[in-house]
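Chain and residue survey
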Amino acid sequence: MQEWKDKQVLLVGMARSGVAAARLLHTLGAKLTINDAKERDAFEGALDFMDAWGVDWQLGQAPDRLIEGKDLIVFSSGVPFWSKWIQNARAMGIPCINELQLGFWMSKAPFVAITGTNGKTTTTTLTWQMFVNAHVQSFAVGNIGIPVCTHALEMRPDGVMVAEVAPFQLVSTLDFRPRVSAILNITEDHLNWFHTMENYIDKKCLVFAHQRGDDVCILNADNDITATLVNRPQCRVMLFSHQKEVAEGAFVRDGWMLLRIDGKETKICPVDSILIPGPHNLENAMVASLSAFLMGVSPEVIAHTLQTFKGVEHRIETVRTLHGVTYINDSKATNPDSTIKAIEAMKQPTVLILGGSDKKSDYMPMFRAFTPLIRDVVVVGETAEDIAACAKRAGLHCVHRAYSFEEALLMARDLATEGMNVLLSPACASYDFFDNFEQRGEVFKRLVWELK
């Protein structure tokens, strides 16, 4: 654990992770300079508790002139990592890191780190629940919404930190080394930030960049991209697959999930007893099971968790059934591949609500993945016209245009009949109408419960 007493630290970005980093560094006795592009009034008193710390407030301005003399800079994931001021600070030899790296430095517990384009939150939560059920001190942290720094100082060496990590965080780590890492899948996403798939893939691979020796990296044998990465980690590699057996890792045989490690096979549970639905959730379950087993959780606890875990909010979440129509909240589907996973999980005819803010995604693979169960599509938001045009090129003519989020739901309700689903799975980010996908999902659920 590094010593930060009386060190000069600049924190840039006062969202949740920035505040958590500030609390931790204050506890360690650091001298803090607080910077955010927003003025003090915009925080509506949320930062007032820091006044007692004697911080140097530098709000409502760029951080360019604040970097000199600093021993450390911690910046939010929302700050572009290519910013000129970050490059200047690094050229001056100042460590510039994300809150994930800071929390890693300060935690005595090992990390399980989970990344991928889709499934991160479900897998992180499921893995964490396995440790909880095994009575192991554990927290689900990171990109899941709870900053690592929130619990870093309280972790014991016999605990486990389960972290959902995104490339926005990984690019700003220096020596982040989880005991177990996993890349669930890689498909096109965030090209508005990373520009090329090669760059996006490289940033995902930072999750195992510092792993060595008996550390384990878990990769998806069924994903075209992750399957090609097996020779890149400098540690032990295990695979998971629901389509074939793997030499070492997790797989399915005769309807059972099995783990094979050092030539020894361990039965976990029948696949059809896993509570969360869909083939993508089977993959998530395999990664969680393998991660927990590698960290000492028993097969019995793993099986019990798989058979009782109901999933996470905003991911294929059943809201209610009204007049025989089931409304499903999948607001966390912020890219087309995630929406494909939801489509594959549908067992009834479905009206699909698509659209949101633009991430420069290609929607054609999503339309090609449509099954006959997708009867109608309602498009809304910033990307509505692009999605509708892509649907037309794909030969689909069941597309309806809405001009507000509420109108989209009402239109979907009118298109659905008894025995059908209305599925919100936008395939887009939420920033056209909402602050985040959680808010979008909450609004959807509220509107659904207000339906007469």
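Details of the structure are given in the entry above.
The written sequence of each chain sets the order in which its residues are numbered from 1. With pLDDT at 70 or above as the cut-off, local features in this predicted model cover only qualifying residues; side-chain atom pairs require 80 or more to be listed or tallied, and sums for whole chains, interfaces and linings still use all residues. Remark: hydrogens and water are excluded; side-chain values derive from all non-hydrogen atoms of the structure.

Another point: the sheet that holds strand β15 (residues 317-322). When DSSP locates at least two bridges between a pair of strands, those strands are taken to pair. Runs of H or I in DSSP of at least four residues are treated as helices and runs of E of at least two as strands, each being numbered from the N terminus. Across the sheet, six strands lie side by side as β15-β16-β20-β17-β18-β19; this open sheet has mixed pairing. Each of the sheet's edge strands pairs with one partner strand only, and the pair in question is β15 and β19 (399-401). Pairwise comparison of adjacent strand axes, ignoring direction, gives a mean angle of 20° for this sheet. With four bridges connecting them, strand β17 (residues 350-354) and strand β20 (residues 421-424) associate as parallel partners. Across the sheet, the residue bridging to L352 is L423, located in β20. In what follows, residue pairs with any heavy atoms lying within 4.5 Å of each other are defined as contacts. Comment: axis = line fitted to C-alpha atoms, over the contacting stretch for helices; angle = value between 0 and 180 degrees taken between N-to-C directions. Against the sheet, helix α14 (residues 437-450) makes contact with β15, β16 (325-329), β17 and β20, and its axis sits at roughly 15° relative to β15, the strand it touches most.

Strands sit in the order β3-β2-β1-β4-β5 across an open sheet of five strands; the sheet is parallel. If you trace the sheet from one side to the other, it starts and ends with β3 (56-59) and β5 (96-97), each paired once. Strand direction decides the pairing type here: strand β2 (residues 31-36) and β3, joined by four bridges, are parallel. If you follow D36 over to β3, its bridge partner there is L59. Here helix α1 (residues 16-27) sits on the sheet and contacts β1 (8-12), β2 and β4 (72-75); the angle it forms with β1, its principal contact strand, is near 165°. Contacts between helix α2 (residues 84-91) and the sheet are confined to β1, β4 and β5, with β4 contributing the most and set at about 155° to the helix.

Here we take up the nonpolar core. Side-chain atoms within 4.5 Å link the members of a nonpolar core, which is a set of buried Ala, Val, Leu, Ile, Met, Phe, Trp, Tyr and Cys residues. Partly exposed describes any residue whose relative accessible area lies between the buried limit of under 20% and the exposed limit of over 50%, with all areas from a 1.4 Å probe on protein chains only and scaled to the type maximum. Residues L11, L25, L32, I34, V74 and L102 are the most contacted members of the largest nonpolar core, which totals 53 residues. Among the elements that make up this core, the one with the highest residue count is α1 (six residues). With residues up to four places along the chain from it excluded, the contact list for L102 reads A21, L24, L25, L72, V74, I97 and C149. Judged by nonpolar contacts, the second largest core, of 36 residues, contains I261, L282, A303 and F309.

Attention shifts here to the side chain of T326. One can find T326 in strand β16. Reaching out from T326, the side chain makes a polar contact with the side chain of T321 at a distance of 3.0 Å. Not counting chain neighbours up to four residues away, the residues in contact with T326 comprise T318, R320, T321, Q348, M420, N421 and V422. As used in this structure description, the phrase polar contact means that two N or O atoms lie within 3.5 Å; if the pair is within protein, one of them must be able to donate a hydrogen and the other to accept it, and residues adjacent in sequence are counted only when both atoms belong to side chains.

Burial within β17 is extensive, with five of its five residues counted as buried. A two-sided burial pattern is seen for β17, the buried positions comprising T350, L352 and L354 on one face and V351 and I353 on the other. Pairing geometry for β17 and strand β18 (residues 374-379), over five bridges, is parallel. Its bridge partner being in β18, V351 is matched across the sheet by D376.

Taken together, the buried positions of helix α12 (residues 384-393) are A384, I387, C390 and A391. For α12, the arc enclosing every buried residue in end-on projection is 135°, short of the 170-degree limit, so these residues lie on one face. Exposed side of α12, more than 90 degrees from the buried face: K392 and R393 are the residues found there. Contacts made by the buried residues of α12 are with β17, α11 (364-368), β18 and β19. Downstream of α12 by one or two residues, G395 has phi in the positive range, about 85°. Here the arc refers to the set of directions running from the helix axis out to each C-beta atom.

Moving on, we come to helix α4 (residues 120-133). The length a helix should cover is 1.5 Å for every residue beyond the first. Between the first and last C-alpha of α4 there are 20 Å, a value that for 14 residues agrees with the 20 Å anticipated at 1.5 Å per step. What α4 keeps buried is the set K120, T121, T122, T123, T124, T125, L126, T127, M130 and F131. For α4, the secondary structure elements touched by its buried residues are β6 (111-115), β7 (138-142), β8 (160-164), α7 (197-204), α8 (279-294) and α9 (299-308). Just downstream of α4, H135 is the residue with a positive phi angle, here 60°.

A few words now on the pairing of β7. With five of five residues buried, β7 lies mostly within the body of the structure. Neither face of β7 is left uncovered, since the one carrying S138, A140 and G142 and the one carrying F139 and V141 both have all their residues buried. Examined bridge by bridge, β7 and β8 share five bridges and lie parallel to one another. Paired with F139 across the two strands is M161, which belongs to β8.

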